[in-house]
Number of protein chains: 4
Amino acid sequence: MILKKLREEVLEANLELVRRGLVLYTFGNASGIDRDEGLIAIKPSGVAYETMKPEDLVIVNLGGEIVEGSLRPSSDLATHLILYRAFGGIGGVAHTHSRAATAWAQSGREIPCFGTTHADYFHGPIPVTKALTPAEIRADYEANTGQAIVRRFAKLDPLHAPAVLVAGHAPFCWGKSPAEAAPVAVIVEEIAAMAFQTLTANPKARPISKHLHDKHFLRKHGDDAYYGQKR
Amino acid sequence: MILKKLREEVLEANLELVRRGLVLYTFGNASGIDRDEGLIAIKPSGVAYETMKPEDLVIVNLGGEIVEGSLRPSSDLATHLILYRAFGGIGGVAHTHSRAATAWAQSGREIPCFGTTHADYFHGPIPVTKALTPAEIRADYEANTGQAIVRRFAKLDPLHAPAVLVAGHAPFCWGKSPAEAAPVAVIVEEIAAMAFQTLTANPKARPISKHLHDKHFLRKHGDDAYYGQKR
Amino acid sequence: MILKKLREEVLEANLELVRRGLVLYTFGNASGIDRDEGLIAIKPSGVAYETMKPEDLVIVNLGGEIVEGSLRPSSDLATHLILYRAFGGIGGVAHTHSRAATAWAQSGREIPCFGTTHADYFHGPIPVTKALTPAEIRADYEANTGQAIVRRFAKLDPLHAPAVLVAGHAPFCWGKSPAEAAPVAVIVEEIAAMAFQTLTANPKARPISKHLHDKHFLRKHGDDAYYGQKR
Amino acid sequence: MILKKLREEVLEANLELVRRGLVLYTFGNASGIDRDEGLIAIKPSGVAYETMKPEDLVIVNLGGEIVEGSLRPSSDLATHLILYRAFGGIGGVAHTHSRAATAWAQSGREIPCFGTTHADYFHGPIPVTKALTPAEIRADYEANTGQAIVRRFAKLDPLHAPAVLVAGHAPFCWGKSPAEAAPVAVIVEEIAAMAFQTLTANPKARPISKHLHDKHFLRKHGDDAYYGQKR
């Protein structure tokens with residue numbers, strides 16, 4: 001069995017989604033990439049989380065060919081592959097249908113940055129893709145979903161906005177590793193839920209100022225970050 | 001004790017509703033049918049789930065006569081019977097008063113297909129019945145509830161829309177087996193909850209396109225389905 | 001220690017409120033009455049549920065005098081007493097600040113009967129009291145809260161509407177015994193939560209018809225009730 | 001290791017926030033002060049709660065200098081220090097990004113006192129700060145957050161309003177000890193959640209009367225308090 005460590009990390013990322021209540025049954029999937037090998041480990045399609053083992057994960061190359069594994073990979077594999085090819089800095093992808101984030105995706109609206117919880121992770125709104133055309137849906141749908149995400153990020157740094165809402169579908173989230181991608185999915189769900197309640201309390205709520213937004217994002221992610229322990 | 005396997009499956013379906021937080025106390029009920037025998041196993045009325053055993057389930061025929069069992073069957077039995085008689089392809093029925101789905105039923109509105117989570121299971125909106133007439137409520141109320149469902153499905157395939165909202169009441173859900181029916185109830189609750197939040201984020205939210213809807217439903221349920229493992 | 005069985009039932013009713021997530025810290029209280037003895041067992045004030053024992057409950061008479069117990073009774077005792085004196089058919093009272101029911105109480109509006117979940121327990125809306133006058137708040141506040149409830153029930157049967165929303169405060173619930181009162185509090189919370197979502201899905205949602213309302217209430221509570229097992 | 005008891009109390013306050021579901025990952029922090037020593041124990045920054053031990057807490061003086069501890073203190077330390085210096089009666093501070101309270105903070109609106117649950121803890125609305133200026137955000141941001149809180153309390157008694165919503169950010173809560181501060185954070189979350197639902201049920205909902213507000217606050221906190229057991 002190759003890539004044992006990556007398999008374990010990806011399994012753990014999948015299980016984190018379950019533990020945090022983000023997935024029902026077999027909804028959702030997480031993957032990770034070994035950039036040196038150019039190989040990806042991804043959840044198999046439609047398999048129960050409770051009994052999943054590292055050897056059940058499917059290893060594919062960046063072209064989507066199965067390198068090791070007897071199960072079918074997640075039906076969203078093609079979306080993951082597009083993200084890994086376009087976003088060189090990412091090492092893990094997590095996709096869920098978590099309730100609040102999915103509802104925002106269904107609403108077709110980006111999530112405005114209403115507060116510092118959001119600003120701690122995203123240097124801007126949580127973006128939403130454009131709807132796919134009928135032709136893009138008909139053939140290579142999952143790859144075209146990835147392409148719609150990539151187009152949305154033409155002017156965005158994927159590590160400054162580590163998630164996207166696919167319109168009418170659900171969020172895709174990522175990070176430098178599978179272990180970073182899964183918590184982004186958790187936090188996106190929380191941000192989405194807070195944003196609804198913000199609008200309920202004040203339908204005219206406004207995003208926070210760019211100054212406050214920058215401050216929070218950069219105290220965690222900038223060159224002079226001072227959150228957490230020194231590494 | 002006859003139909004031991006069916007009893008166990010139906011008990012398990014009832015317990016799945018409890019585990020997923022869909023029922024309070026003795027609300028809700030699930031049943032299953034053995035089509036060869038023409039016999040149905042259904043939850044007894046008003047009995048606690050915690051102590052329920054396979055032998056507590058009640059076996060009835062399609063005419064509603066008790067074939068085996070010392071307890072009264074669920075008071076919704078007559079609704080289940082109508083569904084089994086009208087929908088030849090179904091093998092299990094689950095009825096809950098789960099919060100969000102019940103609220104949609106109370107609102108009297110079908111749930112529009114706002115996203116792919118919905119489209120993965122329903123090839124259209126989640127339909128709502130018409131209100132019963134005073135006469136239909138007065139006598140044979142539970143059977144008439146079933147008839148209202150059947151009328152609503154005059155032009156619908158029950159396996160393409162495996163649940164209905166009974167107006168002013170709650171959802172009835174089904175599947176090819178009891179093991180399929182219970183998860184439909186779980187997913188209907190999730191879809192209903194997401195639909196509220198979708199409207200909160202965007203009161204003018206629109207259903208997804210027919211193209212996207214077809215794509216998601218058919219990748220799971222069509223002749224060329226490619227979700228999950230080959231069977 | 002007198003009234004051991006009543007103490008145990010009342011403790012259990014208090015714990016049911018905790019298990020169902022209806023109380024935070026020491027919010028909420030339940031009591032029960034022995035009609036033959038004219039004595040009431042009630043939760044002590046501000047004591048943690050986790051360590052509460054039957055002997056911690058306070059026994060008082062209908063005049064509010066402590067008959068047995070070294071702790072102060074719940075500060076809402078006077079409200080409970082008024083209810084026991086005015087509503088001869090009740091044997092237990094449960095008071096919580098559960099989230100959704102309290103929010104309806106805060107809104108000052110009765111909960112319309114939007115569906116059968118509600119109709120199964122209440123033969124009408126869940127009523128709300130009028131606000132107390134400054135004089136009623138100043139002196140004997142808790143007793144006056146009880147009087148406001150009793151006035152609201154001038155034309156209502158307390159066993160046909162086993163709960164009330166005290167305006168700006170929270171629900172008081174009751175039943176024929178402590179074991180019946182606590183589940184009413186649980187169900188009122190669920191009905192309240194569903195009612196919000198009903199209004200979210202359809203701000204113009206209407207109560208169900210009197211026919212359907214009667215049918216559901218009476219199939220559980222009327223002379224010809226056919227829900228549950230024969231007793 | 002100095003201040004063992006304070007460390008344990010502060011650790012326990014941090015864990016209470018976790019147990020009550022108020023924090024995701026390492027969001028949130030609690031601290032406590034030993035007024036005699038003039039020393040504060042605070043959670044370290046970005047460390048997992050599950051493995052945190054008393055010795056991981058950081059001891060600082062009121063000037064913010066580390067007196068004992070090898071980890072960085074919470075990045076919000078400067079806010080805590082300002083509160084301890086300005087509010088002489090407080091002994092503990094808890095800061096969370098709990099969902100509903102944070103959403104109110106994001107909405108920029110104070111939480112009106114819609115009911116007695118709120119009045120039991122706050123003798124007025126839950127106040128919200130003014131937004132910081134760009135200059136206040138740029139330098140000494142965390143201290144300036146504290147200053148904005150202090151300015152908001154120019155005419156308020158911090159023990160009569162034991163929490164504040166920092167606009168666009170989240171709540172800061174306090175009490176006479178760390179053991180009092182953490183439950184305030186729990187209760188603020190509940191009050192915030194109820195307030196949303198109150199507005200959903202009745203968008204024109206009004207605060208309770210001053211008479212009722214005074215009654216509830218003073219029966220718990222006034223000179224003649226009669227809630228709980230005598231101490």
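Not measured: the values here are computed from a predicted model.

Outline the overall build of chain A, listing residues and values.
Secondary structure assignment for chain A yields eight helices and seven strands. A compact globule built from 231 residues should have a C-alpha radius of gyration of about 17 Å, and chain A, at 17 Å, falls within 12% of that. When the backbone C-alpha atoms are referred to their principal axes, chain A occupies close to 50 × 50 × 35 Å. Buried positions account for 61% of the 231 residues belonging to chain A. For chain A, contacts bridging at least 24 residues in sequence account for 63% of all contacts bridging at least 6. Of the roughly 9100 Å² of accessible surface on chain A, a fraction of 52% belongs to carbon and sulfur atoms.

I'd like a description of the relation of the copies chain D and chain A, backed by residues and values.
Of the two same-sequence chains, chain D is brought onto chain A (RMSD 0.0 Å, axial shift 0.0 Å) by a rotation of 90°. The relationship between the two copies is best expressed as a four-fold rotation axis. Considering only C-alpha atoms, the part of chain D nearest the rotation axis is Thr200 of chain D, at 5.6 Å. A distinct binding surface is used by each copy, with only 3% of the interface residues of chain D retained as interface residues in chain A.

Would you mind going over the interface of chain D and chain A in detail, with residue names and values included?
Taken together, the 31 residues of chain D in the interface contact 33 residues of chain A. Run the count over chain D and chain A and you get three salt bridges. Among the ionic pairs, Asp76 of chain D bridges to Arg219 of chain A, the shortest N-O distance being 3.6 Å. Across the chain D-chain A interface, the total number found is eleven residue pairs in polar contact (both at pLDDT 80 or more). Put simply, the parts of the chain that give the side of chain D that touches chain A at least two residues each are helix H3 (99-107), helix H5 (134-138), helix H6 (141-152) and helix H7 (178-201) of chain D.

Please provide a residue-by-residue account of the pattern of salt bridges, values included.
Taken as a whole, this structure holds 48 salt bridges over all chains when the rule is applied. Arg99 of chain A is the salt-bridge partner of Glu190 of chain B, the closest N and O atoms lying 2.9 Å from each other. Here Glu190 of chain B, found in helix H7 (residues 178-201), pairs with Arg99 of chain A, found in helix H3 (residues 99-107), and the two come from separate chains. Given the relative accessible area of 12%, Glu190 of chain B is considered buried. Take Arg99 of chain A: its relative accessible area is 31%, and that puts it in the partly exposed class. Salt bridges here are not isolated pairs; linked through shared partners, they connect Glu12, Glu16, Arg19 and Arg20 of chain A.

I'd like to hear about the sheet that holds strand E3 (residues 58-61) of chain B, residue by residue, with values.
Residues and elements named next belong to chain B. Reading across from one edge, E4-E3-E2-E1-E5-E7-E6 is the order of the seven strands in this open sheet, with antiparallel pairing throughout. The strands lining the two open edges of the sheet, one partner per strand, are strand E4 (66-68) and strand E6 (163-165). Adjacent strand axes in the sheet meet at a mean angle of 25°, parallel and antiparallel pairs treated alike. Direction of pairing for E6 relative to strand E7 (residues 171-175): antiparallel, over a ladder of three bridges.

Requested: an account of the relation of the copies chain B and chain A, with residues and values cited.
By a simple turn and slide, chain B fits onto chain A: the slide is 0.0 Å along the axis, the RMSD is 0.0 Å, and the turn is 90°. Little of the interface of chain B is mirrored in chain A: 3% of its interface residues are interface residues there too.

Tell me about the pairing of strand E7 (residues 171-175) of chain C, residues and numbers included.
Residue and element names in this part refer to chain C. Of all the five residues making up E7, five are buried; the element is thus mostly covered by neighbouring parts of the structure. A two-sided burial pattern is seen for E7, the buried positions comprising Pro171, Cys173 and Gly175 on one face and Phe172 and Trp174 on the other. With four bridges joining them, strand E5 (residues 92-95) and E7 adopt antiparallel strand pairing. Its bridge partner being in E7, Val93 is matched across the sheet by Trp174. Between the end of strand E6 (residues 163-165) and the start of E7, which pair antiparallel, lie five residues, with Gly168 showing a positive phi angle near 75°.

Describe unusual backbone geometry, naming the residues involved and giving the relevant values.
Despite not being glycine, Tyr25 of chain A shows a phi value in the positive range, around 50°. Following the sequence through the fold, Tyr25 of chain A ends up in the loop between helix H1 (4-19) and strand E1 (29-34).

Any details on the sheet that holds E1 of chain A? Residues and values, ideally.
Residues and elements named next belong to chain A. Pairing in this open sheet of seven strands is antiparallel, and the strands run E4-E3-E2-E1-E5-E7-E6 from one edge to the other. Edge positions in the sheet fall to strand E4 (66-68) and strand E6 (163-165), since each has one partner strand and no second. Neighbour to neighbour, the strand axes of the sheet diverge by 25° on average, direction disregarded. Packed onto the sheet, H1 meets E1, strand E2 (39-42), strand E3 (58-61), E4 and strand E5 (92-95) and runs at close to 155° relative to E1.

Quick rundown of the packing of helix H3 (residues 99-107) of chain C against H7 of chain D? Include the residues and the values.
The geometry of H3 of chain C relative to H7 of chain D is characterised by a closest axis approach of 8 Å and an angle of 55° between their N-to-C directions. Comparing the axis directions of H3 of chain C and H7 of chain D gives the class oblique. The crossing of H3 of chain C and H7 of chain D is right-handed. Together, Arg99, Ala100, Thr102, Ala103, Trp104, Gln106 and Ser107 of chain C of H3 of chain C and Glu190, Ala193, Met194, Gln197, Thr198 and Ala201 of chain D of H7 of chain D make up the contact between the two elements. Looking at the contact of H3 of chain C with H7 of chain D residue by residue, the classes come out as six nonpolar, five polar and two charged.

Go over the packing of aromatic side chains with me, naming the residues and quoting the values.
All names here are of chain A. The full count for this structure, using the stated rule, is 20 aromatic pairs over all chains. When the centroid spacing of 5.3 Å and the interplanar angle of 70° are considered together, the rings of Phe153 and Trp174 count as edge-to-face. Of this pair, Phe153 sits in the loop between helix H6 (141-152) and E6 while Trp174 sits in strand E7 (residues 171-175); the two residues are 21 residues apart in sequence, bridging distant segments of the chain. For the pair Phe153 and Trp174, one class covers both residues: buried.

Help me get a handle on the interface of chain B and chain A, residues and values and all.
Facing the 33 residues of chain B at the interface are 31 residues of chain A. Run the count over chain B and chain A and you get three salt bridges. Our enumeration of links across chain B and chain A arrives at eleven residue pairs in polar contact (both at pLDDT 80 or more). Elements represented by at least two residues in the side of chain B that touches chain A include exactly helix H4 (116-119), H7 and helix H8 (210-221) of chain B.

Tell me about the nonpolar core, and please be specific about residues and values.
If you look at the biggest cluster of nonpolar residues, it comprises 68 residues, and the most contacted ones within it are Trp104, Ile149 and Trp174 of chain C. For this core, the element with the most residues is helix H7 (residues 178-201) of chain C, which contributes 13 residues. If we ignore the near neighbours within four places in the chain, the residues touching Trp104 of chain C are Arg109, Glu110, Ile111, Pro112, Leu165, Ala192, Ala195, Phe196 and Leu199 of chain C together with Ala201 of chain D.

How would you explain helix H2 (residues 77-86) of chain A if you had to name every residue and give the values?
In an α-helix, one full turn covers 3.6 residues, which means residues spaced three or four apart are oriented alike. All names here are of chain A. In terms of residue burial, H2 counts as a mostly covered element, since seven of its ten residues are buried. Taken as a whole, H2 has its buried residues at Leu77, Thr79, His80, Leu81, Ile82, Leu83 and Tyr84. Elements in contact with the buried residues of H2: E1, E2, E3, E5, H6 and E7.

So what about the pairing of strand E3 (residues 58-61) of chain D? Which residues, and what values?
Residue and element names in this part refer to chain D. Side chains Val58 and Val60 of E3 all project onto a buried face; the interleaved residues Ile59 and Asn61 project onto the opposite face, where all are buried too. In the sheet, strand E2 (residues 39-42) pairs with E3 via four bridges, with the strands oriented antiparallel. Residue Ala41 lies in a different strand from E3, and its bridge partner there is Ile59. Inspection of the sheet shows E3 paired to strand E4 (residues 66-68) by two bridges, in the antiparallel sense. Its bridge partner being in E4, Ile59 is matched across the sheet by Glu68.

Account for the arrangement of the chains, with residues named and values stated.
A minimum C-alpha distance of 11 Å separates chain A and chain C, which share no contact. No part of chain B reaches chain D; the closest C-alpha pair between them is 11 Å apart.

Pulling in residues and values, what's your account of the side chain of Ser98 of chain B?
Within the element layout of this structure, Ser98 of chain B appears in the loop between strand E5 (92-95) and helix H3 (99-107). Given a relative accessible area of 2%, Ser98 of chain B falls into the buried group. In this view, Ser98 of chain B contacts Leu22 and Glu189 of chain B together with Met194 of chain C; residues no more than four positions away in its chain are not counted.

For the environment of Pro183 of chain B, give the residues involved together with the corresponding values.
Looking at the element boundaries, Pro183 of chain B is found in helix H7. For the pair Pro183 of chain B and Glu8 of chain B, spaced 175 residues apart in sequence, the C-alpha separation works out to 16 Å.

An account of the confidence of the model for chain A is needed here, citing residue identities and associated values.
For chain A, the average pLDDT comes to 95, and 97% of its residues sit at 70 or higher. Across the assembled chains, the prediction reports ipTM 0.94 with pTM 0.96.

Tell me about H6 of chain A, and please be specific about residues and values.
Its twelve residues give H6 of chain A an end-to-end C-alpha distance of 17 Å, which sits within 8% of 16 Å, the value for a rise of 1.5 Å per residue. Among the residues of H6 of chain A, Tyr141, Glu142, Asn144, Thr145, Gly146, Ala148 and Ile149 of chain A are the ones counted as buried. In this fold, the buried residues of H6 of chain A make contact with H2, helix H5 (134-138), E6 and E7 of chain A together with H4 and H8 of chain B.

Conventions used here
- Residues numbered from 1 in each chain as written.
- Chains lettered and ligands numbered in written order.
- Predicted model: local features only at pLDDT ≥ 70, side-chain atom pairs only at ≥ 80, totals over all residues.
- Heavy atoms only, no water.
- Helix = DSSP H or I, 4+ residues; strand = E, 2+ residues; numbered from the N terminus.
- Rg over C-alpha atoms; globule rule 2.2 N^0.38 Å.
- Buried < 20%, exposed > 50% of the residue type's maximum accessible area, 1.4 Å probe, protein only.
- Contact = heavy atoms within 4.5 Å.
- Areas by Shrake-Rupley, 256 points an atom, 1.4 Å probe, with all protein chains shown as cover.
- Least-squares fit on C-alpha atoms with pLDDT ≥ 70 in both.
- Salt bridge = Lys/Arg side-chain N within 4 Å of Asp/Glu carboxyl O.
- Polar contact = N/O pair within 3.5 Å; in protein donor to acceptor, adjacent residues only side chain to side chain.
- Pairing = 2+ DSSP bridges.
- Axes fitted to C-alpha atoms, helices over the stretch in contact; angles between N-to-C directions.
- Parallel < 35°, antiparallel > 145°, perpendicular 65-115°, else oblique.
- Left-handed = near helix turned anticlockwise from the far one by under 90°.
- Nonpolar A, V, L, I, M, F, W, Y, C, P; charged D, E, K, R; others polar.
- Phe/Tyr/Trp six-rings, centres within 6.5 Å; stacked < 30°, edge-to-face > 60°.
- Core = buried A, V, L, I, M, F, W, Y, C linked by side-chain atoms within 4.5 Å.
- pLDDT = per-residue confidence, 0-100.
- Expected span 1.5 Å × (residues − 1).

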